[in-house]
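# Structural characterization, general
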Amino acid sequence: DRVGSLVVALEGKNQGKNSCSMTTKELMAIDPGKSGGIAWKMAYGARAIPMPETERDICEKLKEIYYHLDKPTVIVEEVGGYIGRPQPGSAMFTFGRNFGFLLGVLASLGARVVLVGPQKWQGFLGLGKSEGNKTKWKNKLKARAQNLFPSLGVTLATADALLLLEYGNKTE
């Protein structure tokens, strides 16, 4: 299977090279939304992927990762109705629907889910606050994730999920 292949590829390669490899607890972290990502941590390293494009792909990937790990705690960014700028109601409805879909998939897996707001995990990691320039802020988050996980190819899509993973690693 694909996750099994990842395990073989990651074993030894990432050991000690990223922040979350310090402990043996297995975690998964999800930055919901179409431009978000999924990150997970095993005893020997972390991995992250952009959010799959379809609901079926999301469901299959979450199941694949969850069953490969040993009943991980799943950290999910808790989203509200406002995402930094005014949005039409239909966009917010879609965003909320996708968030609910993710929670439903995790519930069907029997996952222990921890919801955490962006201000909480960003504050805990000492990231400060966004000051209006979204591009600058997202690049700051990406740079922090790159520092914490130097052996991974961090992207804008995976940065928040990796930072959520770091938050979970330190708090769970």
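For the structure itself, consult the block above.
### Side note on the pairing of strand β3 (residues 45-50)
Taken together, the six bridges between strand β2 (residues 37-42) and β3 define a ladder with antiparallel strand orientation. Opposite Trp40, over in β3, you have Arg47 as the bridge partner.

### Considering the packing of aromatic side chains
Applying the stated criterion across every chain yields a total of two aromatic pairs. Ring centres of Tyr66 and Tyr67 lie 5.7 Å apart, and the angle between their planes is 75°; this geometry places the pair in the edge-to-face category. Using a relative accessible area of 7% as the deciding quantity, one classes Tyr66 as buried. By relative accessible area, which is 56% here, Tyr67 ends up exposed.

### Structural notes on helix α2 (residues 55-68)
Over its 14 residues, α2 runs 20 Å from end to end, which matches the ideal 20 Å to within 8%, given 1.5 Å per residue. The set of residues buried in α2 consists of Ile58, Lys61, Leu62, Glu64, Ile65 and Tyr66.

Rules behind the numbers
- Residues numbered from 1 in each chain as written.
- Predicted model: local features only at pLDDT ≥ 70, side-chain atom pairs only at ≥ 80, totals over all residues.
- Heavy atoms only, no water.
- Pairing = 2+ DSSP bridges.
- Helix = DSSP H or I, 4+ residues; strand = E, 2+ residues; numbered from the N terminus.
- Phe/Tyr/Trp six-rings, centres within 6.5 Å; stacked < 30°, edge-to-face > 60°.
- Buried < 20%, exposed > 50% of the residue type's maximum accessible area, 1.4 Å probe, protein only.
- Expected span 1.5 Å × (residues − 1).

It is worth stressing that arrangement in space is one thing and function is another; only the former is reported here.
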